[in-house]
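The primary structure of each chain is shown beneath.
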Amino acid sequence: MKSTRFSALLLALLASTAFAQSWPDKPVRLVLSQPPGSGPDNIARILSDSLTRKMGQSIVVDNKPGGQNAIGAQNAARSPADGYTFYLATTAALVTNAYLFKSLPYDPQKDFAPVGFIGKSPFAILVEANSPIKSIQDLLARAKAEPGKVSIANEGPKTFSGMIARLLNARANLDTTLVPYVSIAAAVQDTLGGRVDVLVADVASTAQFVKQGRLRMIAVTSPKRIEGWEQVPALAEIVPGFDMVGWMAVVAPVGTPPQIVQRMNRELDAALLDKEIAAKIHNVGPISEGAGTPEQLDEFLRSEHKRWAEITKEIGVLPE
């Protein structure tokens, strides 16, 4: 009996190993919750091009935008766990949505198997270049001296930029007016036009305006200064403990063969550590230090869920 069980296990293991070695033998789908032309889409296509060359099979980006990432996440979660669907996910899809919505058509914590980390996307606090607000210290001083009069443009109360603005109010004991916009482009234009005082946005979307001398970056929301913008202070230098950075990671439908997960992890890591690929991704925004391991990503996701549960409670965001 024991011999029969051992033989069955051995055959299963050999079959699984053979499958992993022959994988992929057809195109692999990389689901994305954002539309073509977006920052995440640019990252997905940089990775898909690199992985296609390395793996000998097409890695096809499949855009499924809408529903605050829910459409893409649901599509990926309900796909067969056969190693031919992966999901390039954001902070919102894998963590924050769980604390912003009472119900989701997918479970961020149970429907996915961690594969690899892609990178962190820093956000910034910016003002129009000729603004009398010259530094983050100026902003805090003015906001405290004139409660309710300083306006901060953001993408809405339940977006990353909106929650950064709310957390800044809470942590620095400020009373600013938060002005939501339907797009970062509209928020940038109103900041440039002087219709709002301050803008919170991701570095990638605003870097060109800073380089053109039209916007001034007065702080980044990462816990330390970031590569390429070392002259800009981290908000944590003024507001201790402030750490609000977006990120992206690759996950697979739960049940995807571990050997496939490990193989994709290795391929991602090799791509991200390639200097040319890393530079292309950094130009789009994220800062990558490699994919890490699936186990490390799993631990990171668990810590992020704990952290965001506390943050949303602190800033008074209730699920709807």
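Above this text you will find the structure in question.
In what follows, the accompanying structure is described. This structure is a prediction, so every number in the text was calculated from the model and none was measured.

What counts and how
Residues numbered from 1 in each chain as written. Predicted model: local features only at pLDDT ≥ 70, side-chain atom pairs only at ≥ 80, totals over all residues. Heavy atoms only, no water. Helix = DSSP H or I, 4+ residues; strand = E, 2+ residues; numbered from the N terminus. Buried < 20%, exposed > 50% of the residue type's maximum accessible area, 1.4 Å probe, protein only. Pairing = 2+ DSSP bridges. Right-handed = clockwise from strand over helix to strand, strands pointing away. Axes fitted to C-alpha atoms, helices over the stretch in contact; angles between N-to-C directions. 1 Å grid on protein atoms, 1.4 Å probe; cavity = no way out; pocket = protein on both sides within 12 Å on 5 of 7 lines; lining within 4 Å. Points joined across faces, edges and corners; volume = space filled by probe spheres on them. Nonpolar A, V, L, I, M, F, W, Y, C, P; charged D, E, K, R; others polar. Left-handed = near helix turned anticlockwise from the far one by under 90°. Contact = heavy atoms within 4.5 Å. Salt bridge = Lys/Arg side-chain N within 4 Å of Asp/Glu carboxyl O. Arc of directions from axis to C-beta. Expected span 1.5 Å × (residues − 1).

Residues W23 and P24 are joined by a peptide bond in cis, for which omega reads -5°. Structurally, P24 is set in the loop between helix 1 (2-22) and strand 1 (28-32). In this structure, Q68 is a non-glycine residue whose phi angle is positive, near 55°.

Covered by surrounding structure in strand 6 (residues 151-154) are S151 and A153 together with I152 and N154, the residues of both alternating faces. Inspection of the sheet shows strand 6 paired to strand 7 (residues 177-180) by four bridges, in the parallel sense. Across the sheet, S151 pairs through a bridge with T177, a residue of strand 7. Where the polypeptide runs from strand 6 across helix 6 (residues 160-172) and back to strand 7, its parallel neighbour, the crossover connection is right-handed. Here strand 6 runs beside strand 8 (residues 198-202); their pairing, made up of two bridges, is parallel. The residue of strand 8 that forms the bridge with A153 is L199.

With that settled, the discussion passes to the sheet that holds strand 10 (residues 246-253). An order of 2-1-3-10-4 is seen for the five strands of this open sheet, with the pairing classed as mixed. Strands at the two margins of the open sheet, each flanked by one partner only, are strand 2 (59-63) and strand 4 (112-121). Within this sheet the neighbouring strands show an average axis-to-axis angle of 25°, counted without direction. Bridging between strand 4 and strand 10 involves eight bridges; their strand directions are antiparallel. Counterpart to K120 in the pairing with strand 10 is W247.

This model, assessed by the stated rule, comprises one cavity of 30 Å³ or more. Each pocket or cavity is described by its volume, and for the largest cavity that value is around 50 Å³. As for the largest cavity, its lining consists of L30, L47, L51, I59, F86, L88, V250, M264 and L268. Of all elements in the fold, only helix 2 (39-55), strand 3 (85-90) and helix 9 (258-273) reach the threshold of two or more residues within the lining of the largest cavity. Here the residues of the lining of the largest cavity sort into nine nonpolar, no polar and no charged.

All right, on to the packing of helix 4 (residues 91-100) against helix 11 (residues 294-314) then. For any two helices packed against each other, one specifies the inter-axial angle together with the distance between the axes. Put simply, helix 4 and helix 11 touch, their axes get as near as 9 Å, and they point 40° apart. Here helix 4 runs over helix 11; the crossing is right-handed. Contacts between helix 4 and helix 11 involve T91, L94, V95, T96, A98, Y99 and L100 from the first element and L301, E304, H305, W308, A309 and T312 from the second. When its residues are assigned to classes, the contact of helix 4 with helix 11 shows eight nonpolar, four polar and one charged.

What follows concerns the pattern of salt bridges. The tally for this structure, following the rule as stated, stands at 13 salt bridges. Across the salt bridge formed by D197 and R142, the nearest N and O atoms sit 3.9 Å from each other. Linking D197 in the loop between helix 7 (184-192) and strand 8 with R142 in helix 5 (residues 136-145), this pair joins segments that are 55 residues apart in sequence. Here E314 makes a salt bridge to R171, at a shortest N to O gap of 2.8 Å. One end of the pair, E314, is in helix 11; the other, R171, is in helix 6, and 143 residues separate them in sequence. With relative accessibility at 37%, the residue E314 sits in the partly exposed group. Through salt bridges that share partners, R29, D62 and K64 make up one connected network.

Moving on, we come to helix 5. An α-helical turn contains 3.6 residues, so a residue and the one three or four places further along point in the same direction. By the burial criterion, the buried members of helix 5 are I136, L139, L140 and A143. Along the axis of helix 5, the buried residues cluster in a sector spanning 95°; they form a single face. Among the structural elements, strand 5 (123-128), helix 6, strand 8 and strand 9 (215-220) are those in contact with the buried residues of helix 5.

The first and last C-alpha atoms of helix 2 sit 24 Å apart over 17 residues, in line with the 24 Å expected at 1.5 Å per residue. For helix 2, the complete set of buried residues consists of P40, D41, I43, A44, I46, L47, S48, S50, L51 and M55. Directly after helix 2, the chain includes G56, whose backbone phi takes a positive value near 75°.

In terms of burial, strand 2 is largely enclosed, as four of its five residues are buried. Bridge analysis of strand 1 against strand 2 gives five bridges, and the strand direction is parallel. Of the residues in strand 2, the one forming a bridge with L30 is V61. Viewed along the sheet, the connection from strand 1 through helix 2 into strand 2 turns out right-handed.

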